[in-house]
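Okay, here's what each chain looks like letter by letter:
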Amino acid sequence: MRSHTIEEALQRASFCLEKAGLEQPRMEAELLLSHVLQSDRLQLFLNREEELPAKSAEQFERLVRRRCAGEPAAYITGEKYFFGSRFKVNKSVLIPRPETELIVERALHWSDRQKAAGNLKTVSCVDLGTGSGAIAITLALKVPGIRVRAVDISGDALEQAAENAAALGVKDKISWHRGSYFKAFREICPRPRFNLVVSNPPYLSKWDMESLPRDIREFEPPGALYGGEDGLDSYREIFEDLPGYVLKPGLVLLEVGAGQKEQVEDLALESGLFATVSWYSDLAGHPRVMEGKIPGPEPGPRE
Ligand code: GLN
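If you're wondering where the values come from, they're calculated on a predicted model, not measured in any experiment. (Residues numbered from 1 in each chain as written. Predicted model: local features only at pLDDT ≥ 70, side-chain atom pairs only at ≥ 80, totals over all residues. Heavy atoms only, no water.)

## Overview of the side chain of Ser234
Okay, step 1: Assignment of secondary structure puts Ser234 in helix H11 (residues 233-241).
Okay, step 2: When neighbours within four sequence positions are excluded, Ser234 is seen to be in contact with Tyr181, Pro201, Pro202 and Gly227. (Helix = DSSP H or I, 4+ residues; strand = E, 2+ residues; numbered from the N terminus. Contact = heavy atoms within 4.5 Å.)

Next up, the structure:
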């Protein structure tokens, strides 16, 4: 077989990816070839007339075939960027999504305000269902003096998250706990308490699971997606245990699925913990993140 230039290889791959129904075939081809050549898309462009070595061509072809079969690009390359940092991902963790960055934005806004107002010396944070560690690690990187406890029910996910924390230099700011949301702390004495509670729990309903696109349905971990019959099981459990684990003042940030705003807000209000509940929308305009503010403690009786 005659050899090909980088440009020719990209064109052939784009053609296959387009036939497989992918929406941005050229961009996908460039992403996979950059991964093979350990370079970036600009380098590919600058070297487009250079010959692609046979070994790289073979490897590229294998990756393109996997992508054509529906495997998400992040699992093929083993990485995904979230809030500007590179996270390693494997099939035991959900691929971080851009809309989840909203949680980080709101948490940073709140911690800056609290510190400026002198309300808070340290941020004690819990990330429930940490997966790749994207939220927990980003907060550890961005909030000075923060302590994070990251929870997941999957030991494999915790391993991947701990590897990410080490690679990004925040291993000492995070501890890892295996279990179901706050139940992971049942045996810990004294009981930890948090002024910042963040979570992107599994929230898809049975019906959502059945109508998922193939790349998610066949490749991403169902445990990170499925939230029970109506998709709300995680929120029920989190709100039930929340009162025993919060510090006042505090903030709770939860990602929710499309159309879950009203039900999650009802659960939040039933808990009686929040002074205000606000919503932030993703770029598609769906209310995506619930922000519940827990007021400071009532002033005690005057002496
Ligand atoms: N956002 C994911 C999806 O739509 C679901 C993630 C989750 O359940 N937390 O596929």
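Continuing now.
## Notes on the packing of aromatic side chains
Okay, step 1: Taken as a whole, this structure holds five aromatic pairs when the rule is applied.
Okay, step 2: Ring centres of Phe82 and Phe87 lie 6.2 Å apart, and the angle between their planes is 80°; on these two criteria the pair is classed as edge-to-face.
Okay, step 3: Owing to a relative accessible area of 0%, Phe87 belongs among the buried residues under this scheme.
Okay, step 4: With centroids separated by 6.1 Å and ring planes inclined at 45°, the aromatic side chains of Phe185 and Tyr245 adopt a geometry described as tilted. Here Phe185 is found in the loop between strand E5 (174-178) and strand E6 (194-199), whereas its partner Tyr245 is found in the loop between H11 and strand E7 (246-255), with 60 residues between them in sequence. Across the pair, Tyr245 and Phe185 agree in class, each one buried.
Okay, step 5: Counting every residue linked through ring pairs, the aromatic cluster contains Phe182, Phe185, Phe194 and Tyr245.
Okay, step 6: Over the ring of Tyr245 we find Arg191, and its NZ or CZ is 4.6 Å from the ring centre. (Phe/Tyr/Trp six-rings, centres within 6.5 Å; stacked < 30°, edge-to-face > 60°. Buried < 20%, exposed > 50% of the residue type's maximum accessible area, 1.4 Å probe, protein only. Lys NZ or Arg CZ within 6 Å of the ring centre and 35° of its normal.)

## Comments concerning the site of the ligand
Okay, step 1: With respect to spatial proximity, the complete set of residues near the ligand consists of Leu94, Arg97, Asn200, Pro201, Pro202, Tyr203, Ile216, Ala224 and Leu225.
Okay, step 2: A distance of 2.7 Å separates a nitrogen atom of the ligand from a polar backbone atom of Pro201.
Okay, step 3: A distance of 3.0 Å separates a nitrogen atom of the ligand from a polar side-chain atom of Tyr203.
Okay, step 4: Summarising the interface, the protein chains cover 89% of the accessible area of the ligand, which totals 300 Å² for the free molecule.
Okay, step 5: Broken down by class, the residue content of the shell around the ligand amounts to seven nonpolar, one polar and one charged. (Near = heavy atom within 4 Å. Polar contact = N/O pair within 3.5 Å; in protein donor to acceptor, adjacent residues only side chain to side chain. Areas by Shrake-Rupley, 256 points an atom, 1.4 Å probe, with all protein chains shown as cover. Nonpolar A, V, L, I, M, F, W, Y, C, P; charged D, E, K, R; others polar.)

Remember, this is a structural readout, not a statement about activity or role.
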